[in-house]
Amino acid sequence: MRRLSLPRVRRSRDLTRVGAVVVAAVLVIMLIVTVWISALASRGVERVVEGALESAAGTALGRVEEYLGSSEDTTTGLVRWMRQNDPTMDEVADRLLVTAAVDTALRTVAVAYPDGSWVAVTRGVSRDEDAFTMVKSEGTGGAETTTAYSNGLGRLEMTEQTGELGAEDLGFWTDAAASYELVWTEPQMKELSGDIGSWAAQSVRDDAGDVSAVVASDFAVDAMAEAINAVSLGDSAEVYILDSERRVLVAPTPLEGGVQDAKEFTVSTSAPATPDDAAVEVGVDGDMSTAEVGLESIGVSWVLHLRAVDTEVSPDVVTLRRALGWAAAILFGMFIGASAIFFVLWRPFADMRNAAYTDSLTGLLRRGRFIELASATILEAHRGGGIAYVVLLDLDNFKGLNDAQGHDAGDAALVVVGRAMEAEVRRKDLVSRWGGDEFVALLIVPDAAAGEAAMERLRAGVADALETTFPRQQGLGVTAGGAPAEGGWDDVEELITLADEALIEGKQHAKSRSYAAGY
């Protein structure tokens, strides 16, 4: 019996050792899987936050561009009118009043003259104030009249006083008089409106080239602040505009006492952008995630700054983190159960990753993802005996649609464009919302001629979709620019630049057409 018991004891010890090894191996595997899931969760959350911030920055930038564009269009339009008509000061005053009433994005419109006289119309900032205030002044020490108007442009009251400001005191004369082009002045506290900001100013010159007047306009800072802070990033989110010295120009709450250093608002970030940075820089500031992008691309040396709390950027983030915490605990108790939970939670990660790659409004590829995929698509086209053809689409009179029907209509138009583009291209082609109302497609075609034909089909299809959706919106259309990839290693961003140059040059001749680079 003793000789039989020894093997039995050995077999028992061997099984114990094997069991211990298996348990240890399972624990190690579970630990590795737990660490992996934690790392995956952290990266997944980072991508969700980055994607949301980039999308919000693009939306806010588009709204800033609308306000800046409104001021620039107003100034250049008034300059053309004055050159053609040589109006009197009273005629100018009437024109400014109508201009301010028509464009709600404007705050002040002004015209100043070399003799120091000037006229300006300013929109009221609240319903308790008069809708519009017109000031006509002969300059410092001269006669000055102030007239209040109602929303219907009915005259309410008029007062007279001695002028305290001359043309050069308004903040735009010196810069505009020294240039033949439209200029944006340095940020300042503006005497006429009491707002902080810059003027879009341009000189009017006679046949001899001498300055006969300077036209200037600015946007409603309070309205723009409200518009850019309406982006969906949570209750704690804030959007600021900084100048090149990182002083705050626009904040969620009105500024008092002029431009202020960003440090006074605790507006900082680990990844600051400069006005020249067209790409969104994502960083952190304490428990806040931040995003910054330069605005030099739209004509001003400013920086757009967004900040938000991660847990408010996407409501699902908190729930997901909590669920992953339970999953990690379960992994150490039940290997099979934890594995099941892992596979259940894998799909939300995939969905979030897809969300980070696609534009939340149109469903098209984001700019960064498009660039990542473009190189392989260009190479694949050339290996197959064809070429890749870049098409850039730009919506005509999109600002007019926003002004006439509101931002919801503008967003609806962008969705229509996205769906129309997806319907017109093939599965191997790439389509992306490039920014604002610009879209890009990368098409695989046999040759450049086929690319030009495909570009026009795409442009016409999108234009038809817009016309069907907005039949009464005059001027709404689509202009396209295109460029072929001559080699398999061509840089898609260089091709887009060529297509953009063709588009811009073509628009100078006629809109709602297609233009190929080099023609």
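Residues numbered from 1 in each chain as written. Predicted model: local features only at pLDDT ≥ 70, side-chain atom pairs only at ≥ 80, totals over all residues. Heavy atoms only, no water.

Caption draft 1: How the structure looks around the overall build of the protein chain. In terms of regular secondary structure, the protein chain is built from 12 helices and 21 strands. Counting the 519 residues in the protein chain, one finds 47% classified as buried. Long-range contacts, defined here as pairs at least 24 residues apart, represent 58% of the contacts in the protein chain between residues at least 6 apart. (Helix = DSSP H or I, 4+ residues; strand = E, 2+ residues; numbered from the N terminus. Buried < 20%, exposed > 50% of the residue type's maximum accessible area, 1.4 Å probe, protein only. Contact = heavy atoms within 4.5 Å.)

Caption draft 2: Helix H11 (residues 448–469), seen in detail. When the terminal C-alpha atoms of H11 are compared, their 32 Å separation across 22 residues agrees well with the 32 Å that a helix rising 1.5 Å per residue should span. Close packing links the buried residues of H11 with strand E17 (387–396), helix H10 (407–424), strand E19 (438–445), strand E20 (477–484) and strand E21 (514–516). The N-terminus of H11 is capped by Asp447, whose side-chain oxygen sits 3.3 Å from the backbone nitrogen of Ala449. (Expected span 1.5 Å × (residues − 1). Polar contact = N/O pair within 3.5 Å; in protein donor to acceptor, adjacent residues only side chain to side chain.)

Caption draft 3: The arrangement of the sheet that holds strand E4 (residues 143–149) in detail. Spatial strand order, E5-E4-E3-E2-E1-E10-E9-E6: 8 strands in an open sheet with antiparallel pairing. One side of each edge strand has no neighbouring strand; the edge strands of this open sheet are strand E5 (155–162) and strand E6 (183–184). Across 6 bridges, strand E2 (residues 118–123) lies against strand E3 (residues 132–137) in antiparallel orientation. Bridge pairing in E3 links Trp118 to Ser137. The strands that helix H2 (residues 89–102) touches are strand E1 (106–112), E2, E3 and E4; relative to E2, the one it contacts most, it runs at about 15 degrees. (Pairing = 2+ DSSP bridges. Axes fitted to C-alpha atoms, helices over the stretch in contact; angles between N-to-C directions.)

Caption draft 4: Structural context of the pairing of E1. Extensive coverage of E1 is indicated by the burial of 7 of its 7 residues. Where E1 and E2 come together, 5 bridges link them in antiparallel fashion. What sits directly across from Ala112, in E2, is Trp118.

Caption draft 5: Representation of the environment of His407 within the structure. Position of His407 among the secondary structure elements: in helix H10. Residue classification places His407 among the partly exposed residues on the basis of a relative accessible area of 33%. Non-local contacts of His407, meaning those with residues more than four positions away in its chain, are made with Glu66 and Asn402.

Caption draft 6: Local environment of the side chain of Asp429. By the secondary structure assignment, Asp429 is in the loop between H10 and strand E18 (430–435). On the accessibility criterion, Asp429 (8% relative accessible area) is buried. There is a polar contact of 3.0 Å between the side chain of Asp429 and the backbone nitrogen of Arg426. A distance of 2.9 Å separates a polar side-chain atom of Asp429 from the backbone nitrogen of Ile444. With residues up to four places along the chain from it excluded, the contact list for Asp429 reads Leu442, Leu443 and Ile444.

Caption draft 7: Region of the structure containing the packing of H10 against H11. Two numbers describe how H10 lies on H11: the axes approach to 9 Å, and their chain directions differ by 140 degrees. If you check the angle between H10 and H11, you find them oblique. Judged by the twist between their axes, the crossing of H10 over H11 is right-handed. Judged by residue contacts, Ala413, Val416, Val417, Ala420, Met421 and Glu424 of H10 engage Arg457, Leu458, Gly461, Val462, Ala465, Leu466 and Thr469 from H11. Classifying every residue of the contact of H10 with H11 by side-chain character gives 9 nonpolar, 2 polar and 2 charged. (Parallel < 35°, antiparallel > 145°, perpendicular 65-115°, else oblique. Left-handed = near helix turned anticlockwise from the far one by under 90°. Nonpolar A, V, L, I, M, F, W, Y, C, P; charged D, E, K, R; others polar.)

Caption draft 8: Inspection of unusual backbone geometry at higher detail. Although it is not a glycine, Asp86 adopts a positive phi angle of roughly 45 degrees. Relative to the assigned elements, Asp86 resides in the loop between helix H1 (2–85) and H2. Take Asp86: its relative accessible area is 67%, and that puts it in the exposed class.

Caption draft 9: Up close: the pattern of salt bridges. Counted under the stated rule, the structure contains 13 salt bridges. The salt bridge partner of Asp285 is Arg307, with a shortest N-O separation of 2.5 Å. Here the residue Asp285 occupies a position in strand E14 (residues 281–285), and Arg307 occupies one in strand E16 (residues 302–309), the gap between them amounting to 22 residues. Residue Asp403 pairs with Lys399 through a salt bridge whose shortest N-O separation is 2.6 Å. One end of the pair is Asp403 and the other is Lys399, both in helix H9 (residues 398–405) and 4 residues apart, which spans about a single turn. Note on Lys399: relative accessible area 24%, which makes it partly exposed. Shared partners join several salt bridges into a network, and the residues in it are Asp243, Glu245 and Arg247. (Salt bridge = Lys/Arg side-chain N within 4 Å of Asp/Glu carboxyl O.)

Caption draft 10: Main features of the packing of aromatic side chains. This structure, assessed with the given rule, holds 5 aromatic pairs. Relative to Trp199, the ring of Phe172 lies with its centre 5.1 Å away and its plane at 65 degrees, an arrangement referred to as edge-to-face. With a gap of 27 residues between them, Phe172 in the loop between E5 and helix H3 (173–177) and Trp199 in the loop between strand E8 (196–197) and strand E9 (200–205) connect regions that are remote in the sequence. The same class applies to Phe172 and to Trp199, which are both buried. Geometrically, the ring pair formed by Phe370 and Trp434 is edge-to-face, given 6.0 Å between the ring centres and 80 degrees between the ring planes. With Phe370 in helix H8 (residues 367–383) and Trp434 in strand E18, the pair connects residues that are 64 residues apart, well separated along the chain. Of the two residues, Phe370 and Trp434, neither departs from the other in class, the shared state being buried. Among the aromatic residues, those joined into a ring-pair cluster are Trp184, Phe219 and Trp302. Stacked on the ring of Tyr180, the Lys or Arg Arg205 has its end atom at 4.0 Å from the ring centre. (Phe/Tyr/Trp six-rings, centres within 6.5 Å; stacked < 30°, edge-to-face > 60°. Lys NZ or Arg CZ within 6 Å of the ring centre and 35° of its normal.)

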